[in-house]
Protein chains: 8
Amino acid sequence: MKDYARLDKNNAAVLLVDHQTGLLSLVRDIQPDTFKNNVLALADLAKYFNLPTILTTSFEDGPNGPLVPELKETFPDAPYIARPGQINAWDNEDFVNAVKATGKKQLIIAGVVTEVCVAFPTLSALAEEFEVFVVTDASGTFNEMTRDAALDRMSNAGAQLMTWFGVACELHRDWRNDIEGLGTLFSNHIPDYRNLMNSYATLMSK
Amino acid sequence: MKDYARLDKNNAAVLLVDHQTGLLSLVRDIQPDTFKNNVLALADLAKYFNLPTILTTSFEDGPNGPLVPELKETFPDAPYIARPGQINAWDNEDFVNAVKATGKKQLIIAGVVTEVCVAFPTLSALAEEFEVFVVTDASGTFNEMTRDAALDRMSNAGAQLMTWFGVACELHRDWRNDIEGLGTLFSNHIPDYRNLMNSYATLMSK
Amino acid sequence: MKDYARLDKNNAAVLLVDHQTGLLSLVRDIQPDTFKNNVLALADLAKYFNLPTILTTSFEDGPNGPLVPELKETFPDAPYIARPGQINAWDNEDFVNAVKATGKKQLIIAGVVTEVCVAFPTLSALAEEFEVFVVTDASGTFNEMTRDAALDRMSNAGAQLMTWFGVACELHRDWRNDIEGLGTLFSNHIPDYRNLMNSYATLMSK
Amino acid sequence: MKDYARLDKNNAAVLLVDHQTGLLSLVRDIQPDTFKNNVLALADLAKYFNLPTILTTSFEDGPNGPLVPELKETFPDAPYIARPGQINAWDNEDFVNAVKATGKKQLIIAGVVTEVCVAFPTLSALAEEFEVFVVTDASGTFNEMTRDAALDRMSNAGAQLMTWFGVACELHRDWRNDIEGLGTLFSNHIPDYRNLMNSYATLMSK
Amino acid sequence: MKDYARLDKNNAAVLLVDHQTGLLSLVRDIQPDTFKNNVLALADLAKYFNLPTILTTSFEDGPNGPLVPELKETFPDAPYIARPGQINAWDNEDFVNAVKATGKKQLIIAGVVTEVCVAFPTLSALAEEFEVFVVTDASGTFNEMTRDAALDRMSNAGAQLMTWFGVACELHRDWRNDIEGLGTLFSNHIPDYRNLMNSYATLMSK
Amino acid sequence: MKDYARLDKNNAAVLLVDHQTGLLSLVRDIQPDTFKNNVLALADLAKYFNLPTILTTSFEDGPNGPLVPELKETFPDAPYIARPGQINAWDNEDFVNAVKATGKKQLIIAGVVTEVCVAFPTLSALAEEFEVFVVTDASGTFNEMTRDAALDRMSNAGAQLMTWFGVACELHRDWRNDIEGLGTLFSNHIPDYRNLMNSYATLMSK
Amino acid sequence: MKDYARLDKNNAAVLLVDHQTGLLSLVRDIQPDTFKNNVLALADLAKYFNLPTILTTSFEDGPNGPLVPELKETFPDAPYIARPGQINAWDNEDFVNAVKATGKKQLIIAGVVTEVCVAFPTLSALAEEFEVFVVTDASGTFNEMTRDAALDRMSNAGAQLMTWFGVACELHRDWRNDIEGLGTLFSNHIPDYRNLMNSYATLMSK
Amino acid sequence: MKDYARLDKNNAAVLLVDHQTGLLSLVRDIQPDTFKNNVLALADLAKYFNLPTILTTSFEDGPNGPLVPELKETFPDAPYIARPGQINAWDNEDFVNAVKATGKKQLIIAGVVTEVCVAFPTLSALAEEFEVFVVTDASGTFNEMTRDAALDRMSNAGAQLMTWFGVACELHRDWRNDIEGLGTLFSNHIPDYRNLMNSYATLMSK
């Protein structure tokens, strides 16, 4: 009997790679309202679970544009590596040092674009025996054909494909740890869940 | 030469029909993140242009659920007609009186579900010679087949089909009326536009 | 001011054309679970509102197969015209007589396949100044291209395109006429609505 | 030569996880008519093959809502674990005990939402060397991107992906074991098959 | 009371415009197996109903390629106008003369590409008060956006949009005119119908 | 008998509205490679047929960005109206004067976004009795729902919906006017046609 | 260095499982024109390469219907196993004996429905160390979700997923073995290829 | 710890297989504008990184047509193997010799059609222990079902699935190696990126 590779909030860090205002205009495999919501949901859950989080950008002074301001605001004190040129964040020593400084072996990663900014550090981290959890719905790229190839490559190399809601649930383990906190996270990022909660609260208040 | 039937902020009112937390679970012709955003964008533009706005609900004490709280908060003083049973809001005298009390002849309407809560009052209002502008992307229903039939019926009866962005632009007429106000509205509800503005602002600040 | 052409339960009849077990295998513009549900929902609403209903089939002894048994069971006493060969039901004198015998001027029609069994009698009835309401989601055909052409033809000829839920709502007018009856109809044919009702009932029972 | 991991009706149990009236409003990767049909088909086949079946829910007193009533009615005597907070049902000792009490090593699982309520216990059960068969069409979640990631994760961990019809066929092995029983199951849940049977029966009766 | 504009086999001619082997590689709004089948079905029905049929091509010596051989074989004696340069076939005097020589006022038209080879002569013929029936599924073009615009333009100018199956049914009027002939036409071009007929014939032969 | 409203190269002008580098990131109802090609094809045909062409932009110093450089290069001497704030180009006196100065009554229009930058001047021009031809595939907007509403509104107001290829063909009338010129235009913008021409040329050269 | 598992016309047999006229009405993951063409293409290539072919059916006297006649006609002398009840053809001794009698170790398989009639014998044959090549486009089932699960299960068990065109090409190896034969096969089943050949032949004949 | 199989510009060659003008008309799993762009982007990056590139064609004198001229022009001195009949390029000794003569062990491959011209040499090269990187978006075939089967087969055999943009980024490693060169490559083949660069350049120039 062996356990499954299960996310553990005491052993996980979050890597947000190149969610920059210019690069986001390249993302077309997911609708913009949904993508924005997913990225912010991932950021909010990282903060909620108090996971060490690392921000990095590529050429933010050029057309790629600055980091999405909401991410900077959510993590004002996080390591922030503005890479001078390395395309694979893992080729940047500061980035790798920041990752290793967290002491965590589970990496939750998302970024733009999927097949480059997510796939390259994922493959590098797997090669160094990290467990890597790719948040597919907080990562975006040009089209579905590109995404499918990227996910196949990462999955075959040992990455686990997840989406933000599953990450939150696997980290939380038990609603009793904090019903209200998790409920608020879901209400803020899942309109259908917010509706359920509002219907329920209204009835309960009568 | 005749002018086109053009939205005029001095002659328009907004009708928000049955955006209730239970009914929203029926909406499947548009993704929930997008739909939520569109409805709130329409509310924000109504407030921005100071348009008289009327809220109505159907059976809000039952499974249909309460009005989406954000709408109530945006329009705390708006006429609010909780209909005791009429399916077509136009069959409710209070609702029609509230509409007529605005003194406006252009009605901007959205609701859930499209073929009932939007289509029925639209057809009734057209029959009374109002100009009706249906905001298709802030209205939702079961599936695309249902939506297409509803839009065909309303369009054939003389309604104009629009989406919230076009409504805002047609009302505003000229950016010079208020660049910052309209820009903020767009930035809050169009992630791609927000990115453009953030890229621009960052470059300008250098 | 003119009223809109609004369904009136005292002036409407329902025509169900060629919903036969063989012909149903031709329907591919709508999924089979959904289509079956829509056809039965239309039948149930016809019965609920006590609308005169007419059944007709084409060559039911051949490959087209018999009428779907549930329809026969729902309307055991309805006029049932097994046409000996006419493709357009309106070319069959018995059918037209049955329609006219109802004394109704509003015809709610659905059938298989849309561009033939629905469109032909619709166009014929419109030419004789009936008001025709096509229930698009209880009508099916080979593919979407075919459906779109058929709906365009009927809409241009004056038919109103609706779906079963809108028909039920327009006929009912006011929930207070019978909350439980309409609620049951919806619960039986709209899983999302059934869920809302079950959630509500459970909470209310506590 | 080795046999394939083949479902055996003497060695299989069914786990139905969190099919609750509130949570169902989150399911958008499959249409509601189809999903309801698939879930009930899985329930009916579990009963038909007399497989031990375990029901579990999460927070059924809150917004998640009660178990879908049809499931409770189909399995009035089944173990029913209303989990007090564990998100992964396998973290609930009563649930695991109920599973192990069946003495079966093949677990057929479905639930809402796929990447959490299905994937977590699937991964846990695989880690304890159960054979797990995921019924993908009786499991639902937010969207296709989420589903695809969840299925990839479970498949890579050794789960077998199936749909309810394949499960029924693999359990039955030979039509001669009971033609009428299996035929009825299919007729009740596959409109196209019901049509074939009705066409056939009509011709045979002549 | 007025009759509807109904296809009459004694008053209809068929125009097949530019179904050439090169141009067919441009068609991407419909799958090639389906498109080939639809074009040949239209040809077969034209022959079956003995409708005067006119073939025309554009630049068949260049990259556009020759007429699809099956069409030439089906109508060896039909007027065949290889246009020397006119893009709109109606600008070619021989073509218009051939049309007028049929003495028919109902024109059934299909071709490649829809917005040019079909739309231009359709609009010209409507302007000369022909009744025009566009066979949308035997006409093809670059993509759906192009097709939708073309169909909107023709429909607004008075053309009736149909598909080949509806054309055949409207021309035939009554199965009793020739059951076997029409059945064979359908069996040759509708796999689902062929299956129904084969199932039926097998059972009948027992 | 009346002629159809047919594009005439001696009576047509082209209006290119707000194809700006920032605004283009909003376009998601058409893929970017295809959209870029369509816009440049429209520009090339305007130049090829020597049609008076008018360029206009909205706020090009802000986030909307500059005019796509290729358009400026193709029409170095065209009237270029950088609007100071009017959203509807027709509200800008210089723009309307430029249009009227062409002396043409047929306006071929495309722009970004469809429901605003195209629809508003289209509706204004129709009200002044211009004939308006909307090039739908060289116009783009947020999503298909928005596009469909915009096209419905313009079509109902009398605009003719076309795509660039149909515009080119309707203007050219007869290949013999210039085979090589039109062939080159098509080869440059239709890969499938280019392939046909290359296959043909290769065979002819042997 | 190892060779890849490559189809060898001297070592391959074809299994066609349950392509019956009734069952075909269940196939909805692929359009009927295309599916019919693919199945017949696979049959034609089996005959062309002279591969031993085995036909089998399930309950052909009941609603499942008879074998598609074209298959029977193409292989009048092939082993034909009408199974009395076994759902997995590999559970039928006659079928397995027929397979083993061919002496081939490569099995090319297709059937209806994919997750049962194809997947079950595929998994059984793999367990007995045959190489199995699943022809996915000549196999059909209820919907894409079902197909995807079935293909995942077979692929994970070692089956190779192919489509009929790839099978033909891998068997043929070199066009010089018979240009005309292979060309005819392609021309009969690939309209685009037929068009290429017709364009070419026409030019060559000049 | 092991490194991942990462593209290295000093150890990679590019194989372009059968991008011929006739065969391209078969490609329907990707739109033609996009496909043309992707193929040319791959060619441009091969040239930019100075990778040894090998061209090959199949029967270019027949209906398959000549190599796309742009590829010949980009690589005037590349080995060019016009295969006399072998379908799998790896069965052609000249081709394999050309590959081996490059001395590279990483092969970047694309072609038409995916499941044959790409898959066969990919499987052969993997069997000889090359690392193979399939550029899925510069490879095309009949439809998505065919593509999916082909990619599954190659991925299972050890090929890495990529798209052209990822290939370029993985080869380049660091923007500082040549900002302008890579930027130009992206600007020429990614309209969204070109727009970002143009917006940026315009602002910078002020």
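Quick caveat, the model's predicted, so the values are computed rather than measured.

Peer 1: Looking at this structure, I do not really get the overall build of chain A. What am I missing?
Peer 2: Per the secondary structure count, chain A includes eight helices and six strands. Element order for chain A, N to C, with α for helix and β for strand: β-α-β-α-β-α-β-α-β-α-β-α-α-α. A globule of 206 residues ought to have a C-alpha radius of gyration of about 17 Å, and chain A, at 17 Å, matches this closely. Counting only residues that meet the buried cut, chain A has 70% of its 206 residues in that class. For chain A, the computed accessible surface area is about 6,700 Å², with 48% contributed by carbon and sulfur atoms. Taking the 17 positively charged and 27 negatively charged side chains of chain A as two groups, their mean positions are separated by 5 Å.

Peer 1: I'm lost on the relation of the copies chain E and chain H in this one. Help?
Peer 2: Both copies of the chain are placed relative to one another by a rotation about an axis and a shift along it. Of the transformation superimposing chain E on chain H, the axial component is 0.0 Å and the angular component is 180 degrees, with the fit at an RMSD of 0.0 Å. Taken together, these values place the two copies in the relation of a two-fold axis. Among all C-alpha atoms of chain E, that of Ser25(E) lies closest to the rotation axis, at 2.9 Å. In this assembly the copies share their binding face: 100% of the residues contributing to the interface of chain E also contribute to that of chain H.

Peer 1: Any chance you could explain helix α1 (residues 32-48) of chain B here in plain terms?
Peer 2: Along an α-helix, residues three or four apart share an orientation, since each turn contains 3.6 residues. Here α1(B) spans 24 Å end to end across 17 residues, near enough to the 24 Å set by a 1.5 Å rise per residue. With 13 of its 17 residues buried, α1(B) lies for the most part within the structure.

Peer 1: Could you clarify how one ought to interpret helix α6 (residues 164-172) of chain A in this entry?
Peer 2: Residues and elements named next belong to chain A. In terms of burial, α6 is a largely internal element, nine of the nine residues being buried. Where α6 is concerned, the buried positions are Trp 164, Phe 165, Gly 166, Val 167, Ala 168, Cys 169, Glu 170, Leu 171 and His 172. In the stretch just after α6, Arg 173 is the one whose phi turns positive, near 70 degrees.

Peer 1: Help me understand the domain arrangement of chain A in this model?
Peer 2: The extent of an interface is frequently quoted as the accessible surface area lost upon association of the parts. Residues and elements named next belong to chain A. Under the domain assignment, chain A is made up of domain 1 (12-173) and domain 2 (177-206). The gap between the C-alpha centroids of domain 1 and domain 2 is 28 Å. Each partner contributes to the interface: domain 1 provides 13 residues, whereas domain 2 provides nine residues. Surface buried jointly by domain 1 and domain 2 totals about 900 Å² across both partners, of which 68% is contributed by carbon and sulfur atoms. Contact with domain 2 buries area across many residues of domain 1, yet Tyr 48, Trp 164 and His 172 alone supply 50% of it, more than any other trio. Where domain 1 meets domain 2, there are zero salt bridges. Run the count over domain 1 and domain 2 and you get five residue pairs in polar contact (both at pLDDT 80 or more). Contributions of two or more residues to the side of domain 1 that touches domain 2 are made by α1 (32-48) and α6. Among the elements that line the side of domain 1 that touches domain 2, the one with the most residues is α1, at six residues.

Peer 1: For this particular structure, what's the right way to read the interface of chain A and chain H?
Peer 2: At the interface, 33 residues of chain A touch 34 residues of chain H. Interface area lost by chain A to chain H is led by Ile87(A), Met145(A) and Arg153(A), which between them contribute 24%. Taken together, the connections running from chain A to chain H amount to three salt bridges. Arg153(A) is the partner of Glu170(H) in a salt bridge, and the nearest nitrogen-oxygen pair spans 2.9 Å. For the side of chain A that touches chain H, the elements supplying multiple residues, two or more each, are α4 (114-127) and α5 (144-156) of chain A.

Peer 1: When you look at the environment of Ala157(E) in this model, what are you seeing that I'm missing?
Peer 2: Residue and element names in this part refer to chain E. Tracing the chain through its elements places Ala 157 in the loop between α5 (144-156) and β6 (160-162). The class for Ala 157 is partly exposed, based on a relative accessible area of 39%. Along the sequence, Ala 157 and Leu 55 sit 102 residues apart, while their C-alpha atoms lie 24 Å from each other. If sequence neighbours within four positions are ignored, Ala 157 has contacts with Leu 123 and Leu 126.

Peer 1: Even after reading the chapter, I still don't get the relation of the copies chain A and chain H, so can you show me in this structure?
Peer 2: You can overlay chain A on chain H at an RMSD of 0.0 Å; the transform is a turn of 90 degrees with a shift of 0.0 Å along its axis. Such a turn and shift between the copies fits a four-fold axis.

Peer 1: I keep staring at the UniProt feature "domain: Isochorismatase-like" (unreviewed entry) in chain A and nothing clicks. Help me out?
Peer 2: In the numbering used here, UniProt assigns the feature "domain: Isochorismatase-like" (unreviewed entry) to residues 13-164 of chain A. A distance of 14 Å separates the end C-alpha atoms of residues 13-164 of chain A, which is 39% helix and 19% strand.

Parameters at a glance
Residues numbered from 1 in each chain as written. Chains lettered and ligands numbered in written order. Predicted model: local features only at pLDDT ≥ 70, side-chain atom pairs only at ≥ 80, totals over all residues. Heavy atoms only, no water. Helix = DSSP H or I, 4+ residues; strand = E, 2+ residues; numbered from the N terminus. Rg over C-alpha atoms; globule rule 2.2 N^0.38 Å. Buried < 20%, exposed > 50% of the residue type's maximum accessible area, 1.4 Å probe, protein only. Areas by Shrake-Rupley, 256 points an atom, 1.4 Å probe, with all protein chains shown as cover. Lys, Arg positive; Asp, Glu negative; His and termini not counted. Charge placed at Lys NZ, Arg CZ, Asp CG, Glu CD. Least-squares fit on C-alpha atoms with pLDDT ≥ 70 in both. Contact = heavy atoms within 4.5 Å. Expected span 1.5 Å × (residues − 1). Domains from an automatic or database assignment. Buried area = accessible area lost by both parts, 1.4 Å probe. Salt bridge = Lys/Arg side-chain N within 4 Å of Asp/Glu carboxyl O. Polar contact = N/O pair within 3.5 Å; in protein donor to acceptor, adjacent residues only side chain to side chain. UniProt positions renumbered as here; feature names shortened; annotations may be inferred.

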